[in-house]
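# Secondary and tertiary structure notes
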Amino acid sequence: MEMPAGKNFYIGCGVGLAAGGLQGYGLREFVDTKYRIEALGDFGQPSVLAGLIGGFTALGLGLAGFRGKGPLRGDFATGTAITYGITALATGIYSLLFPVKKEQQTAARPKAVARPPVRVVRSEAKAAPKTPSAPQVRISRAGAEAAKTPAKVAREEARFM
């Protein structure tokens with residue numbers, strides 16, 4: 001039993017099927033979430049535009065070539081164009097019926113957390129901190145002299161209202 005079209009036609013069908021399916025998946029997963037023509041609504045998704053426009057164009061060229069007219073006349077080219085057109089149309093229609101939301105629409109906004117106002121007040125310490133009788137860390141002589149003279153220490157306090 002001989003096939004009506006050559007073996008190259010069916011190989012082209014496999015190539016067109018893979019190309020149309022990968023285009024639809026790739027555009028839907030990686031491009032639709034970031035880019036879109038807002039004025040067209042759901043039709044403005046790249047996967048819908050590429051699927052419908054590219055699918056109708058490729059299907060028309062493939063069917064014309066299959067009938068012996070148009071620019072595509074080889075078995076491989078017509079098989080590729082016909083199945084790519086059908087697959088691209090199917091993925092375009094699917095993306096139109098089940099649109100993908102853009103990233104900024106799907107990302108949850110962080111809720112504002114209510115915090116009491118904080119007022120920072122500077123106050124001077126009333127007494128210098130006590131130094132331990134036995135030093136725990138060895139310091140140089142210049143540092144020791146500076147440590148002997150207690151300076152007024154300013155400290156910050158946070159008061160919640």
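Residues numbered from 1 in each chain as written. Predicted model: local features only at pLDDT ≥ 70, side-chain atom pairs only at ≥ 80, totals over all residues. Heavy atoms only, no water.

Among the secondary structure elements, Leu61 is positioned in helix 2 (residues 46-66). Excluding anything up to four places from it in sequence, Leu61 contacts Pro71 and Leu72. (Helix = DSSP H or I, 4+ residues; strand = E, 2+ residues; numbered from the N terminus. Contact = heavy atoms within 4.5 Å.)

Here helix 2 contains 21 residues, and its C-alpha end-to-end distance of 29 Å stays within 8% of the 30 Å for a straight helix at 1.5 Å per residue. Of all the positions in helix 2, only Pro46, Ser47, Val48, Gly51, Leu52, Gly54, Gly55, Ala58, Leu59, Gly62 and Gly65 are classed as buried. Buried residues along helix 2 sit against helix 1 (7-31) and helix 3 (75-97). Within two residues after helix 2, Gly68 carries a phi angle of roughly 90°, on the positive side. (Expected span 1.5 Å × (residues − 1). Buried < 20%, exposed > 50% of the residue type's maximum accessible area, 1.4 Å probe, protein only.)

On to the packing of aromatic side chains, then. Under the definition given, this model contains 4 aromatic pairs. Residues Phe9 and Tyr10 carry aromatic rings whose centres are separated by 5.3 Å and whose planes lie at 85° to one another, so their mutual orientation is edge-to-face. On the accessibility criterion, Phe9 (11% relative accessible area) is buried. Summarising the aromatic geometry, the rings of Tyr94 and Phe98 are spaced 5.1 Å apart at their centres and angled 50° between planes, so their arrangement reads as tilted. (Phe/Tyr/Trp six-rings, centres within 6.5 Å; stacked < 30°, edge-to-face > 60°.)

Right, let's talk about the environment of Gly14 for a bit. Tracing the backbone through its elements, the reader meets Gly14 in helix 1. Here Gly14 falls in the partly exposed class, since its relative accessible area comes to 39%. Between the alpha carbons of Gly14 and Phe76 there is a distance of 9.9 Å; along the sequence they are 62 residues apart.

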